[in-house]
Amino acid sequence: MINFHYARASDVADAVQQIRADPAAKFIAGGTNLLDLMKENVERPTLLIDITRLPLKTVEETAGGGVRIGALVPNSDLSYHPLIEQRYPVVSSAIRAGASQQLRNMASTGGNLLQRTRCAYFYDTVMPCNKRTPGSGCSAIDGINRGHAILGTSEACIATHPSDMCVALAALEATVHVAGPKGERAIAIADFHRLPGDTPQRDTNLDRDEIITAIELPAQGFAKNYTYLKIRDRLSYAFALVSVAIGLEMDGRTIRQARIALGGVAHKPWRDIAAEAALNGQAASPEIFRRAADALLRDAKGFAHNTFKIELARQAAVRALTQAANGTPQSQSSKKIA
Ligand SMILES: Cc1cc2nc3c(=O)[nH]c(=O)nc-3n(C[C@H](O)[C@H](O)[C@H](O)COP(=O)(O)OP(=O)(O)OC[C@H]3O[C@@H](n4cnc5c(N)ncnc54)[C@H](O)[C@@H]3O)c2cc1C
Ligand code: SF4
């Protein structure tokens, strides 16, 4: 039995004050990731600060034409919210491609950004893992690495970020709003998650005494030409081997603006401006899609068991671009189960 304390935060300032006071404290929202990590003895917080009663549960339009999503909006509520379904369907699709309905009912928007890798060695406390125990080594590099990263890896860690929602947020250029002891700040989603480098223990650029308060989506939602394509070992309830979020602004068959982000391939959602540049201003065609996919994967490097992911990602990108350009996104279940 490992004891820990429990406290409830009364408002955002109180949450920040409490986490600042205890270096081993953690916030708990839906608990769908943190409690598993505690049961496996991977995370050992001395204090759980319950943030579920904070007033961060609304989805509101912003003055600039975008949408601000409270950090405690449950994943399922977000995916079925009319503003999100109609204006940002790639976010709805990505969320519904993840986990199960029951988990999505519990999981929060902020927690989804901070879920930790699914690398099996990270969860197995008898195995070396630089992310769990810095300096101990990486068991995956010469181990079973079928699900691991092919882009942006380092000699210290080849883990992937497992979120589906974050891949869509990366394609849309979302902003993460946070509050901490020094006040509030906004972090572009591209700068929120980190590559492993030699500090794989740090997943994000959020300071440990900061709380996520909201995610903001800009006005442009690519609602007509989008897709979220997720390739996994079984049709549901599995993490992505590779996923692709696409948003296209089309003028007839000409691509005016392209957004493309990959999931399941790196320590963070992988967006590549060069691949998007290969599409902008071009007529949609299989050839131009292949060129963009080649640009996207140009620096990919496989390990003993995951080299197949390079070609898988290339083909998934071409398929996703075709679906988005044709206005035929990957179908998703549309009924909410309570
Ligand atoms: C079996 C299973 C399958 C899954 N499959 C998928 C999948 O296919 N795709 C996918 O994307 N996800 C999947 N998930 C992950 C799920 O989406 C996440 O567990 C969930 O989004 C985390 O949200 P939460 O509110 O439960 O976070 P918690 O578990 O409460 O917290 C997670 C972390 O975030 C921190 N935190 C939470 N909220 C805040 C905040 N506002 N500010 C600062 N820190 C905060 C906590 O301290 C903790 O470190 C799966 C989970 C399980 C258990
Ligand atoms: S890939 Fe990263 S998380 Fe997995 S064992 Fe190596 S260091 Fe740990």
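In case you missed it, the structure is sitting above this.
Cut-offs applied
- Residues numbered from 1 in each chain as written.
- Chains lettered and ligands numbered in written order.
- Predicted model: local features only at pLDDT ≥ 70, side-chain atom pairs only at ≥ 80, totals over all residues.
- Heavy atoms only, no water.
- Core = buried A, V, L, I, M, F, W, Y, C linked by side-chain atoms within 4.5 Å.
- Buried < 20%, exposed > 50% of the residue type's maximum accessible area, 1.4 Å probe, protein only.
- Contact = heavy atoms within 4.5 Å.
- Pairing = 2+ DSSP bridges.
- Helix = DSSP H or I, 4+ residues; strand = E, 2+ residues; numbered from the N terminus.
- Axes fitted to C-alpha atoms, helices over the stretch in contact; angles between N-to-C directions.
- Near = heavy atom within 4 Å.
- Polar contact = N/O pair within 3.5 Å; in protein donor to acceptor, adjacent residues only side chain to side chain.
- Nonpolar A, V, L, I, M, F, W, Y, C, P; charged D, E, K, R; others polar.
- 1 Å grid on protein atoms, 1.4 Å probe; cavity = no way out; pocket = protein on both sides within 12 Å on 5 of 7 lines; lining within 4 Å.
- Sits in = over half its atoms within 2 Å of the grid points.
- Points joined across faces, edges and corners; volume = space filled by probe spheres on them.
- Parallel < 35°, antiparallel > 145°, perpendicular 65-115°, else oblique.
- Left-handed = near helix turned anticlockwise from the far one by under 90°.

Ile69, Ile84, Val91, Leu113, Leu169, Ile212 and Leu217 are the most contacted members of the largest nonpolar core, which has 53 residues in total. The residues contacting Ile69, other than those within four sequence positions of it, are Thr58, Val59, Leu78, Ile84, Thr109, Thr213, Ala214, Ile215 and Leu217. Within the second largest apolar cluster, 36 residues are counted, among which are Ile260, Ile288, Phe289 and Leu297.

So, on to the sheet that holds strand 3 (residues 47-50). Pairing is parallel in the open sheet, where 3 strands are placed in the order 1-3-2. The strands lining the two open edges of the sheet, one partner per strand, are strand 1 (5-8) and strand 2 (25-28). Between one strand axis and the next, the sheet turns by 25 degrees as a mean value, whatever way the strands run. Both strand 1 and strand 3 contribute to a ladder of 4 bridges, which runs parallel. Counterpart to Arg8 in the pairing with strand 3 is Asp50.

Around ligand 1, a shell composed of 32 residues is seen, among which Phe27, Gly31, Thr32, Ser108 and Asp164 lie nearest. At 3.5 Å, a backbone N or O of Asn112 approaches an oxygen atom of ligand 1. When residues of the shell around ligand 1 are traced back to their parent elements, those giving at least two are strand 2, helix 2 (34-39), helix 7 (109-114) and strand 8 (211-217). Along the lines of polarity and charge, the residues of the shell around ligand 1 split into 16 nonpolar, 11 polar and 5 charged.

Before going further, it helps to spend a moment on the site of ligand 2. In the vicinity of ligand 2 there are 14 residues, among which Cys119, Cys129, Cys138, Cys157 and Ile158 approach most closely. The cavity that encloses ligand 2 is the largest cavity. Classifying every residue of the shell around ligand 2 gives 10 nonpolar, 3 polar and 1 charged.

A word on empty space enclosed by the protein. Space left empty within the atom packing is revealed by a probe, the size of a water molecule, rolled over the atoms. Inspection of the entire model under this criterion finds 2 cavities of 30 Å³ or more. Put simply, the largest cavity is a space of about 90 Å³. Lining the largest cavity are 16 residues, and of these Cys119, Cys129, Cys138, Cys157 and Ala159 lie nearest its centre. Grouping the constituent residues of the lining of the largest cavity by class yields 11 nonpolar, 4 polar and 1 charged. Estimates place the volume of the second largest cavity at around 40 Å³. Taken together, Gln115, Arg116, Thr117, Lys131, Thr160, His161, His193, Asp203 and His267 make up the lining of the second largest cavity. Split into classes, the residues belonging to the lining of the second largest cavity amount to no nonpolar, 6 polar and 3 charged.

Axis separation between helix 5 (residues 89-96) and helix 9 (residues 165-172) bottoms out at 7 Å; the angle between their running directions is 160 degrees. Looking at the two axes, helix 5 sits roughly antiparallel to helix 9. Between helix 5 and helix 9 lies a crossing of right-handed hand. Contact with helix 5, carried on its side by Val90, Val91, Ala94 and Ile95, involves Met165, Ala168, Leu169 and Leu172 of helix 9 and no other residues of that element. The residue makeup of the contact of helix 5 with helix 9, split by class, is 8 nonpolar, no polar and no charged.

As a further point, take the side chain of Asn112. Relative to the helices and strands, Asn112 resides in helix 7. Classification of Asn112 as buried rests on a relative accessible area of 11%. Dropping the residues within four chain positions of it, Asn112 is found in contact with Asn75, His161, Ser163, Met165 and Cys166.

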